[in-house]
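Okay, here's what each chain looks like letter by letter:
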Amino acid sequence: FRVHAVPRKDHHERIEGAIVVFHDVTDARNFDQIRSAFVGNVSHELRTPLTSIKGFVETLLDGAMENSDTCRRFLSIIDTETNRLTRLIEDLLTLSSIESQERIVYLKPACLLRSIRNVMNMFGPQISEKSLHVEFIHPYPMPLIQADEDLLGQVFINLLDNAIKYTPRQGKIVIQCQRRDSRIITTVKDSGMGIPHESLPRVFERFYRVDKARSRQQGGTGLGLSIVKHIVESHGGEVFVDSEIGKGSTFGVSFLVI
Ligand code: ADP
């Protein structure tokens, strides 16, 4: 509690009592803690690639540049790390614009089928590079939903990106849309490595990763699923996940039909 006291005087200016106000600051303190943890996380995430870039640049300047193979290898690492920084900043901007409600959500009748097909086409090269089998099951005709098409695309980009990243070569990914009462549930099911049971409640948290090294190696920012959750909830929908280690994971999102 924060305590604020003001003396109360009678008409002879003698103190006859006090008015004491107790402010419950639990919420403000929790908010401050969350905010400083977030700033700490962001700084750490930015510093890691920067330290690596600086290290490689210094080694190149110290003479490693003379050898063209080493030079190429180091520049390629610098390129990867720079891409990671760019992605991280883009993800942070997306997250903060949705959170601060600065990004106006333009709800219009939208077609899930078209959004999902576009995203599948976008990932065509990665899908064939890993020889993945991708299936899309949906009712026909598909009811329209009320959504912001750009944000809707972002949801499926993040879910499919993860399914591809965390599934080994020749694995299987099934995207399925099903109508349930006034909602359309879309699930993205993969045959990948799976997520331990105790991590499931945390995967939608910002910067939470089951395996930090693997996420980094795959170019992950640790923000993809928190962006999915924010977008889906800002559309009045819900997210869920189910997974079994070694068998695969299923991520689901729901949207209201028109
Ligand atoms: P990242 O950029 O690290 O992929 P996300 O927010 O998208 O961040 O996901 C958070 C974490 O959840 C990942 O680091 C990974 O450990 C786990 N995860 C997400 N999707 C999958 C999946 N399809 N299979 C296995 N693990 C997953």
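Residues numbered from 1 in each chain as written. Predicted model: local features only at pLDDT ≥ 70, side-chain atom pairs only at ≥ 80, totals over all residues. Heavy atoms only, no water.

Quick notes on the state of the cysteines
Evaluated as defined, the whole model comprises zero disulfides. Of all cysteine sulfurs, the one in Cys177 lies closest to Cys111, which takes part in no disulfide; the gap is 9.4 Å. (Disulfide = S-S within 2.5 Å.)

Focus: the site of the ligand
Among the 20 residues in the neighbourhood of the ligand, the closest are listed as Asn162, Tyr166, Asp190, Ser215 and Thr221. One of the side-chain N or O atoms of Tyr166 is found 2.8 Å from an oxygen atom in the ligand. Interatomic distance of 2.8 Å between a backbone N/O atom of Thr221 and an oxygen atom of the ligand. Across the complex, the protein chains shield 97% of the 530 Å² of accessible surface that the ligand would expose by itself. With respect to the detected pockets, the ligand is housed in the largest pocket. Only α5 (149-165), α7 (224-234) and β9 (248-256) provide two or more residues apiece to the shell around the ligand. Across the shell around the ligand, the residue classes break down as nine nonpolar, eight polar and three charged. (Near = heavy atom within 4 Å. Polar contact = N/O pair within 3.5 Å; in protein donor to acceptor, adjacent residues only side chain to side chain. Areas by Shrake-Rupley, 256 points an atom, 1.4 Å probe, with all protein chains shown as cover. 1 Å grid on protein atoms, 1.4 Å probe; cavity = no way out; pocket = protein on both sides within 12 Å on 5 of 7 lines; lining within 4 Å. Sits in = over half its atoms within 2 Å of the grid points. Helix = DSSP H or I, 4+ residues; strand = E, 2+ residues; numbered from the N terminus. Nonpolar A, V, L, I, M, F, W, Y, C, P; charged D, E, K, R; others polar.)

Observations regarding the sheet that holds strand β8 (residues 239-244)
Paired through backbone hydrogen bonds, the strands of a sheet run either parallel or antiparallel to each other. Here five strands make up an open sheet; going across it, the order is β4-β6-β7-β9-β8 and the pairing mixed. Of all strands in the sheet, those bounded by a partner on one side alone are β4 (133-137) and β8. Sheet twist, expressed as the mean angle between neighbouring strand axes with direction ignored, is 15°. As defined by bridge partners, β8 adjoins β9 across six bridges and the pair is classed as antiparallel. Paired with Val239 across the two strands is Val253, which belongs to β9. (Pairing = 2+ DSSP bridges. Axes fitted to C-alpha atoms, helices over the stretch in contact; angles between N-to-C directions.)

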